[in-house]
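Observations on the three-dimensional arrangement
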Amino acid sequence: MTSAWRPRPRWRRCTEVVRRVCSSALIETRGVAPVRIVPGGCDTFAVSGLRERKKQATRAALADAALRLCVAHGLDGVTVEQVAHDAGVSLRTFFNYFSSKEEAVVAGDVATATAFVRAFAERPAGEPVLDALRRALVEVVPEHVDPGKVAQLRALRGTPALLPHQIAAFAARERELTAAVAERVGLDPGTDPYPALLAATVMATLRVVVGRWLDSADPPRLVDLIDALVHRLRTGFAEP
């Protein structure tokens, strides 16, 4: 039985995050190049970078609130109003970032997949596809999997209502990865199935890596799991 939700003081965690970001002379965020604010001389790029970091802070606060509340009270026991209140933003702001609480809950998985596709696309052009895959996974997955959220994620993994949102999010990233693979190997995905087939396999690999790690009572190193699964991709799916 889930406990009744009780509102807590609106301490505006999201606003405090943004305020700390704005007061810093050097703004840094994971996976994004630093932007230096020059006193008295903010250019368009710096202002744009600051605005993007405010958006990232708000999105992260909403995603964290949704995950925490849904773990504590069950998905059906939480409303988007409660998520917005917990994150310290208005209901309108919530819907500027997410269409539903379910989408907010899976935002962490989406962020990991998005970062992976970006890292893969940015690998050197001459690097073999599977080498680029492994390096992108090693670069992104350990950094984006927060051990403190493992129990929360495991508790919600079996919630049926989340599955369509997870599938939709990964399908969008799969299309982006198809385009990145096609560019790397010089094939037209409209006539050659290789880019789409590899992209689908790669996204499945990413789900398996994270899923096996989350479900393991004694999880191995993520790098070891990545190496094992990429090795399986190299050798194909014939019987071992």
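Residues numbered from 1 in each chain as written. Predicted model: local features only at pLDDT ≥ 70, side-chain atom pairs only at ≥ 80, totals over all residues. Heavy atoms only, no water.

Regarding the overall build of the protein chain
- Helix and strand counts for the protein chain stand at eleven helices and two strands.
- When the elements of the protein chain are put in sequence order from the N terminus, they spell out α-β-β-α-α-α-α-α-α-α-α-α-α.
- Every one of the 240 residues in the protein chain was classed for burial, and the buried ones make up 38%.
- In the protein chain, the proportion of contacts linking residues at least 24 apart, taken out of those at least 6 apart, comes to 66%. (Helix = DSSP H or I, 4+ residues; strand = E, 2+ residues; numbered from the N terminus. Buried < 20%, exposed > 50% of the residue type's maximum accessible area, 1.4 Å probe, protein only. Contact = heavy atoms within 4.5 Å.)

Here's the deal with the confidence of the model for the protein chain
- Chain-level statistics for the protein chain give a pLDDT mean of 78 and a share of 75% at 70 or above.
- Scored below 50 in pLDDT, residues 8–42 shows 57 contacts in the model against residues more than four places distant or in partner chains. (pLDDT = per-residue confidence, 0-100.)

Some details on the pattern of salt bridges
- Under the definition given, this model contains seven salt bridges.
- Its salt-bridge partner being Arg-123, residue Glu-127 comes within 2.8 Å of it at the nearest N-O pair.
- Its salt-bridge partner being Asp-227, residue Arg-134 comes within 2.4 Å of it at the nearest N-O pair. Within this pair, whereas Arg-134 is found in helix α7 (residues 129–144), its partner Asp-227 is found in helix α11 (residues 222–235), the two being separated by 93 residues in sequence.
- A relative accessible area of 29% means that Asp-227 is categorised as partly exposed.
- Beyond isolated ion pairs, a larger network of salt bridges with shared partners links Arg-123, Glu-127 and Arg-135. (Salt bridge = Lys/Arg side-chain N within 4 Å of Asp/Glu carboxyl O.)

Here's the deal with the nonpolar core
- In this structure, Phe-116, Phe-120, Leu-133, Leu-137, Val-141, Leu-177 and Leu-206 are the most contacted members of the largest nonpolar core, which totals 34 residues.
- Elements with a minimum of two residues in this core: α6 (107–121), α7, α9 (163–185), α10 (194–215) and α11.
- Considering each element in turn, this core owes the most residues, nine residues, to α10.
- Sequence-distant contacts of Phe-116, that is, excluding residues within four places in its chain, are made with Leu-133, Ala-136, Leu-137, Val-140, Leu-177, Val-202, Met-203 and Leu-206.
- Counting residues in hydrophobic clusters, the runner-up holds 25 residues, among them Ala-61, Leu-67, Phe-98 and Ala-169. (Core = buried A, V, L, I, M, F, W, Y, C linked by side-chain atoms within 4.5 Å.)

As for the packing of aromatic side chains
- One pass over the full model with this rule turns up three aromatic pairs.
- Ring centres 5.2 Å apart and planes at 85° place the aromatic pair Phe-94 and Phe-95 in the edge-to-face group.
- For Phe-94, a relative accessible area of 0% corresponds to the buried category.
- Phe-95 gets classed as partly exposed once you look at its relative accessible area, which sits at 44%.
- Relative to Phe-120, the ring of Phe-116 has its centre 6.4 Å away and its plane inclined at 45°; by these criteria the two rings are tilted. (Phe/Tyr/Trp six-rings, centres within 6.5 Å; stacked < 30°, edge-to-face > 60°.)

Quick notes on the environment of Ala-121
- Within the secondary structure layout, Ala-121 lies in helix α6.
- Ignoring anything within four residues of it in the chain, the contact list for Ala-121 reads Ala-180 and Arg-184.

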